[in-house]
Every structure is written in structure tokens, then in C-alpha cells.
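Results of the structural survey
Each chain, written out:
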Amino acid sequence: MNKVSKLILLPLSVLICNVYSSDITTFEEVLVKAKKEPILNEANIEIGHQKIDNEMSGDINDLVKGELGVSVVQKGRAGTSGFNIRGVDEDRVSILVDGIHQGETFENEIYKGYGYFNGSINEIELDSVKSVAIKKGSDSLFTGSGSLGGSVSFKTKDAEDIILPGNDYGFYNKTMFGSKNNELKNTIGLAFKKKYGDLLVLYTDVNGHEVETRDEGIDIYGKSRSRADPIDKKSFNLLVKSTLTPNNNNNVILTYEEFSTKKDIDEKSWELFGQSHRSIDSTGDRSRYSLEWEYLSNNIYLDRLSTKIYDQKIDQTDNSYVYSFKDEKLNQHYERSIKQDSFGIEQKATSKNYEVLSIPMINNFMIGYKRKELQNDNVDIDIIGGKPYVSENSIIEPVETDSFYIAGTHEMIVSESELISFGARYDFFQNDVTLSGKSISNHLYGTSLDAPEDTKFSGITLSAIYDNQLTANINVKYKINSGFRAPNANELYFSFGDKVAANRIEPNENLKQETGITNEIHFEYVEDDWQFSLNPYYTKYHNFIDLKSETIKVPNPWSDYPGQPEFNDQNYMQYQNVDEAYIYGLDMRFDMNLSTFLDIYDDLKYQAGISYSKGKGSDGDYLMGVNPLGIMNNVTYTTSNYRIGFYSNFIDKKDPKETVHNGKQSKYTSDSVLLMDLVINYMMTKNVKINAGVFNLLDKKYKTWDSVRSIPEFGSTNMVDSDGVGLNRFTAPGINYKVGLEINF
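In this text, all values refer to a predicted model and were calculated from it rather than measured experimentally.

1. Things to note about the overall build of the chain
Helix and strand counts for the chain come out as 7 helices and 35 strands. A compact globule built from 745 residues should have a C-alpha radius of gyration of about 27 Å, and the chain, at 27 Å, falls within 12% of that. For the chain, with 745 residues in total, the buried portion stands at 52%. Taking the intrachain contacts of the chain between residues at least 6 apart in sequence as the baseline, contacts between residues at least 24 apart amount to 69%. When the accessible surface of the chain is summed, it comes to about 33700 Å², and 56% of that surface belongs to carbon and sulfur atoms. Where the 79 positive side-chain charges of the chain centre and where its 108 negative ones centre are 1 Å apart.

This is the structure we're talking about:
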């Protein structure tokens, strides 16, 4: 039995002993089932499902539209690919659903420009979400590798979320239509609860199309196309969850979720030599199941103990079809598939509150193991002279990653107004590579390329916070956190081209893991009817991984022929560690209850906020994920049966000087814009609610920085013509609306 297995079995044996042993009880105690997160794991932003419903959030773009310092990564026809927090994005911002990490990105500059892969982070269905917790800054203490910029944790709904108070059964139906992509979403749910448990079944079905731009644009083929490519999108999500409570000390949570999406894309903007056109069938499937056992103890030392076992499978497949303009005959069919499977087990324990030298204290312990498998399988069919030529290959060898972590936190209340907490975590990763024999680089092994080898990484995370309630109104926190990200398989092992190719990516197994340290201060002043918060921060990254590109001279294999030069230019690329990078910034927020000041009986609230940040690497390149200044102003008015929300967001333009990457300034930049939205929720009865909203009220035409920075530098997909006409495809929708109906009884 290996060391990892022994370490996993140890906490499991402790759990079994505790569950079946007689509790040691020295005093009568009431068990409280509500979990309190350690202060080190408190989120900067918390979003509940009521807010999601009231603001008519249909996807993660809507979810964080008004949140300070958080945005969504855009990937053209591939949709979205995770979040952007404090200047870093995608795999540097961990995404978890019920504590389970979602898939990593799988893309690189070579294939990104040609659109054969959908390597984006998988989608999340918001109608199944109970709450979202967003943490900002480097902090891997609770989420492990990947939390350099922050983390976004989704928690799915429970039966209690659709069962009204006093009922044992619940029915829920939500229908919403949005005009920006002609999307119709319908969610239906059933739930019941009994003495010893409950059950929830929630199903969501979505039918939609491409996100329309403000201006209709020109309907032509090629890079000059200024209208969005036609998309027919369908998806469904099934969530089944049951909580079993056999007694007051044990909870067992069983969860199964299945998500599937299919996009039929007429990729009219695709252009390669101008003789053909392409369509894409893109599918994405995710299924997961988990078993979580929570033990609530009467033991004098242990408060709770939980164990979770899970299995998750993610499969993303793109089928591309190229047809000749001349006779509409099929010339090419490529199928590209990426599978990411993971299995994990983790255990958490929380101590009872105890005192040392009259100082109240509490401890938390965590331990876990995960196995992740990445595999790419491709089938390329080229039809020449009516005859198909089939090739089965992969662009990366299969990689199996075993990881293990152990962590602990300690909290103590040192005085009536002061709290100190600190924590530490150790992670270990081992990547095992299998030579499949079908890699596109297989013929280069031993000549111009070394065969890939196994790699190991480890990381230590430290975190601490000092919380001081200076007065009844003033609270100050100082927090220092560290985070890390182990290089992924794409960065370590992907290779393309030989030593004389026009484009070459060379793997780099000598990469070091990225690390980051965030220092931040949180100042908060609270009165009865208003409050103000100020949050300056500074994060320094070490060994930041970036794809570096340079033009080098390579021998021309055809130099012996007349008119051929001795050397050609090669675009040489490799993932490399940048010594240092940094980002600093400031978040400010002001909240006021206007009802008191205006002497209004109903609830009238005002919110304002500012988010500002700057970031740069030690090599002179700017952090491309840093968004420009954002200012939000929101007003909500709520009565007993309706709610009106007015939302205003100002986004400054991106300074072209801050778009330098690989020593070159970006060809495109974003616009400054003032956006206004209006949403009304009306409770017809206690069981029926009507929702309606108008978005981009001023019908502004604009492009976000997250959208235009996704445009590749070369290739055939998502490209823009030299005159910039095709840039209109990357503009956001103009004025649009949503209508919806919710039924709950």
C-alpha cells in the first residue's frame, strides 16, 4: 500500500471510530447544524439565489456584471472560460461546484487561432445554484492550486430552497426569455422532506442562439464579417440531491448532477484561402456524483467531522466540417476531443471551542487526495479526389496527476475586540505521462524533441488575518495570504513543429509553480443606516507562467533551390517563468438605506462602488487581464409585493500603453461606456412572481477589454480584417430585454 493510500485511510478510520463510538458528554449541549466558515475562508462577495433570480442572471456574465473587480473571460464562439479577478484569469482563478474543482483550460496559441478545440472551462447552470462565494487575491489555503487571483465557489440548491415554510413538499417552475440571444430557459423542480431526510430533483432546459451585437452588421463570409456567427445552442442540467438524517449526529448528502450542451455553429467568419467555409458541432458534457458524510459530535474535543468522496467526468468535443464554396462538397472533417476525469476524497474536522490562558480558540483540519486524468483523442478526415484519408492522433500525451494536501487553521479571540487567525497548507502533485504512440510529435522524439517525462511539484500556502473592532462603528482587518498554481499539462508537455517549422512551440518540463502573496487592508465604517468600506491590496507573483514568443532565424530546408534564402523566420514559442509580476489596486464601496433619510416606509437602498487596479511583469509586459476603472451605482426600491432595481455601471477605456505583451502593443482596445439596466420583480401572489428587465437602456455600442483581448494574433477563426470591419462581431448587445415567470408552492 502506497503512502498516499495510508494517509487517506487514516482519517477514514478516525471517522468510523467516532461515528460508532459512544459519545463522551460532560454537559448538556445543543447541536447546531449551521456551518460557520473559518474567518480565513470568508468571501469578499456573496451572491444568493434570490439575487440571481431578482436580477435575472442567466449566465456567469450576468452574475458578476455589477461586482467590483470581477469579470468573465470571453472566448469568441467558444463562449466564456472562467473568471478574471485582480488581473489574472482562467486557470489562475479556481472554480468549484460543491467543493469540486471544475476542468482546466486546454488551449494554446497554435490551435487557438484555428478553432479546432473548445478548450474553455466548462459552463455552470445558475438555476441550480444556491449561492456563490467569490474570494479575491492569492489564497490557496482552502482551494489549493489555481487560486492566484482568487476563487469562485458555487453551492448547489437543496430541497429546502424550493419547499416553502410549513410545507413538506415543494414545486418550482421558472421560465425566462432573453432577447440578446433569443434564449428560452425553463427550470422545473420537485422536492419533499420527511423526518429522516429530503430529496430534490431540478431540471433546466435551455434553447438559444448567438449573442447579437448592437449593430446588425454585414452578413458575409470571412474576417470582414461584422455580424455574429449563427449559433443554435441547446443545453440541459439535471440536479438530484438528497440529505439523509438518521439521527441528530449524522447527515449524509448524496448528489448527482449532469450537464450537457450542444452548439451548432455556422462559422461564417472563418477564413482560410477564401475557397471554403466551415461549420462546427461543439458538445460539452459534465457529470459528477458525490457522497458526503457529516458527523456532529457531542465529544468534548470534536465539534464536527466530514468526509466527501466524489467522481467527475468532463468531455468536450468539437467536430468541424469544411465545405467547398464551388460545389458544397465536404473537404475535411476533424473531430477533436478533450476528456478530464477526476476522483477525490477529502476529510475535514473542526474542534470544539476551547480556552488556553482564558483565550477562546478553535481549530480546523483538512486532508485530501485527488486523481485527475487528461486525454486528447483526434480523428482527422481529409477528402482528396473524393477519397477519405483518416488519421487518428493526439496533440498531447495522456497525463495522470495524483495530488495530496493537508491543511489546518487556528482562530483565537485575544481580546473583546481583537481576533487573530492563521493557517497553513501543503500540496504535492505528481504528473505521470504515458506515451500513446499517436502523438503528432511522436516522430520527433529523440531527434529535435525529447520525449515527455514525469514531473513533480509541491507548494506551501500560508495565511493570516488580524481583525480589530476598534470602536462600535469601525472595523479594521489586515490579511496576508499566499497562493500557488502548479503548471498544467498543456504548459508542460504540448509541442508543435520541428526545428525548421514556421511556427514552433517547444515544451518546458523545467517550469516552476507560480506563487503569489497578497497583502490587503479592509477598513469598514458602519452606522445604522449607512456604511463605507475601503480595501487596498497589493499582490506580487513569482515565477509567473507566460507564453513567450520571439522571431528567430532557422535553416531553410529548400535553400539549395534557386531564389530560396539560406534562413527563414520562425515564430518560436514556449511557456516560461517570468521572474516577477505585480498588481495593486483599490476597491471602495458605499451603502445607504435611504428610507430613513427620506422618511419612507418601504425599503429604498443605494449602493456605490469603485474598482481600480494596475499590474505589470518584471519583463516589461503588462498583465493582460487587468481591467480598466469601474464605477457602479445601484438603487433598489422594495415593497411588500414588488421590487425595482436600477443598475448603473461605468467602465473606463483600456489604456493602449497597458496592453503591451511580448514587447508589442495590442492591436485592439476597449471603449469607455456608461451602462444602465432596469429590472422589476412583481409578486402577483405569494406563489407567483413576474420578472422583467431592460438592459443597456441607453443602447450603447461598446466592446469590453475581456472580449477584444481574446482575438488571436494569427489563424483562421475569430480573426478581424485589416480594415477592422470585423471588429463589430466583438461588440456587446445593444438595448435588450428579459421576461420571466416564477411559480413556487
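2. Digging into the packing of aromatic side chains
Scanning the entire structure with this criterion turns up 15 aromatic pairs. Seen from their ring centres, phenylalanine 177 and tyrosine 737 are 6.2 Å apart, and the 45° between their planes marks the pair as tilted. Of this pair, phenylalanine 177 sits in strand S9 (residues 169–178) while tyrosine 737 sits in strand S35 (residues 736–744), placing them 560 residues apart in sequence. On the numbers, 6.0 Å between centres and 20° between planes, the contact of tyrosine 203 with phenylalanine 236 is stacked. With tyrosine 203 in strand S11 (residues 197–209) and phenylalanine 236 in strand S12 (residues 231–247), this residue pair connects regions lying 33 residues apart in the sequence. With a relative accessible area of 26%, phenylalanine 236 lands in the partly exposed category. Through pairs of rings, three or more aromatic residues link up here, namely Tyr525, Trp530, Phe590 and Tyr606. The cationic tip of arginine 86 hangs over the ring face of tyrosine 537; the distance from NZ or CZ to the ring centre is 3.6 Å.

3. Some remarks on the pattern of salt bridges
With the rule as written, the count across this model stands at 57 salt bridges. When the shortest N-O distance is used, the salt bridge between lysine 135 and aspartate 139 registers 3.0 Å. The residues lysine 135 and aspartate 139 share a single accessibility class, namely buried. Ionic pairing is found between lysine 548 and aspartate 546, a salt bridge with its closest N-O pair at 3.3 Å. The pair lysine 548 / aspartate 546 is uniform in exposure class, with both members buried. Because the salt bridges share partners, they merge into one network encompassing Asp98, Lys130, Asp158, Glu160, Asp161, Lys241, Glu257, Arg286 and Arg288.

4. So, the environment of proline 628
You can see proline 628 is positioned in the loop between strand S28 (603–617) and strand S29 (630–638). The class for proline 628 is buried, based on a relative accessible area of 16%. Through-space distance from the C-alpha of proline 628 to that of glutamate 658 is 9.8 Å; in sequence the pair is 30 residues apart. Not counting the four nearest positions on each side in its chain, proline 628 is found in contact with Ser611, Ile651, Asp652, Lys653, Lys654 and Trp705.

5. Some thoughts on the nonpolar core
Counting 27 residues, the largest nonpolar core has Phe106, Tyr111, Phe117 and Tyr493 as its most contacted members. Secondary structure elements with two or more residues in this core: helix H4 (109–112), strand S16 (330–351), strand S21 (418–433), helix H5 (489–493), strand S26 (530–555) and strand S27 (567–593). Sorting elements by how many residues they give to this core places H5 first, with 3 residues. If you look at the next biggest cluster of nonpolar residues, it comprises 21 residues, including Ile60, Val93, Val129 and Phe154.

6. Section: the pairing of S9
By the bridge criterion, 10 bridges tie S9 to strand S10 (residues 183–194) in an arrangement that is antiparallel. Across the sheet, the residue bridging to methionine 176 is lysine 185, located in S10. Between S9 and S10, which pair antiparallel and follow one another directly, the connecting turn spans 4 residues, one of which, asparagine 182, has a positive phi of 45°.

7. Overview of the sheet that holds strand S3 (residues 80–85)
If you walk across this open sheet you meet the 3 strands as S2-S3-S4, and the pairing is antiparallel. At either end of the open sheet lies a strand with only one pairing partner, and these are strand S2 (70–74) and strand S4 (88–89). When S2 meets S3, the two strands line up antiparallel, connected through 4 bridges. Note that in S3 the partner of glutamine 74 across the bridge is threonine 80.

Quick notes on the rules
- Residues numbered from 1 in each chain as written.
- Predicted model: local features only at pLDDT ≥ 70, side-chain atom pairs only at ≥ 80, totals over all residues.
- Heavy atoms only, no water.
- Helix = DSSP H or I, 4+ residues; strand = E, 2+ residues; numbered from the N terminus.
- Rg over C-alpha atoms; globule rule 2.2 N^0.38 Å.
- Buried < 20%, exposed > 50% of the residue type's maximum accessible area, 1.4 Å probe, protein only.
- Contact = heavy atoms within 4.5 Å.
- Areas by Shrake-Rupley, 256 points an atom, 1.4 Å probe, with all protein chains shown as cover.
- Lys, Arg positive; Asp, Glu negative; His and termini not counted.
- Charge placed at Lys NZ, Arg CZ, Asp CG, Glu CD.
- Phe/Tyr/Trp six-rings, centres within 6.5 Å; stacked < 30°, edge-to-face > 60°.
- Lys NZ or Arg CZ within 6 Å of the ring centre and 35° of its normal.
- Salt bridge = Lys/Arg side-chain N within 4 Å of Asp/Glu carboxyl O.
- Core = buried A, V, L, I, M, F, W, Y, C linked by side-chain atoms within 4.5 Å.
- Pairing = 2+ DSSP bridges.

Bear in mind that shape data such as this cannot, by itself, settle questions of function.
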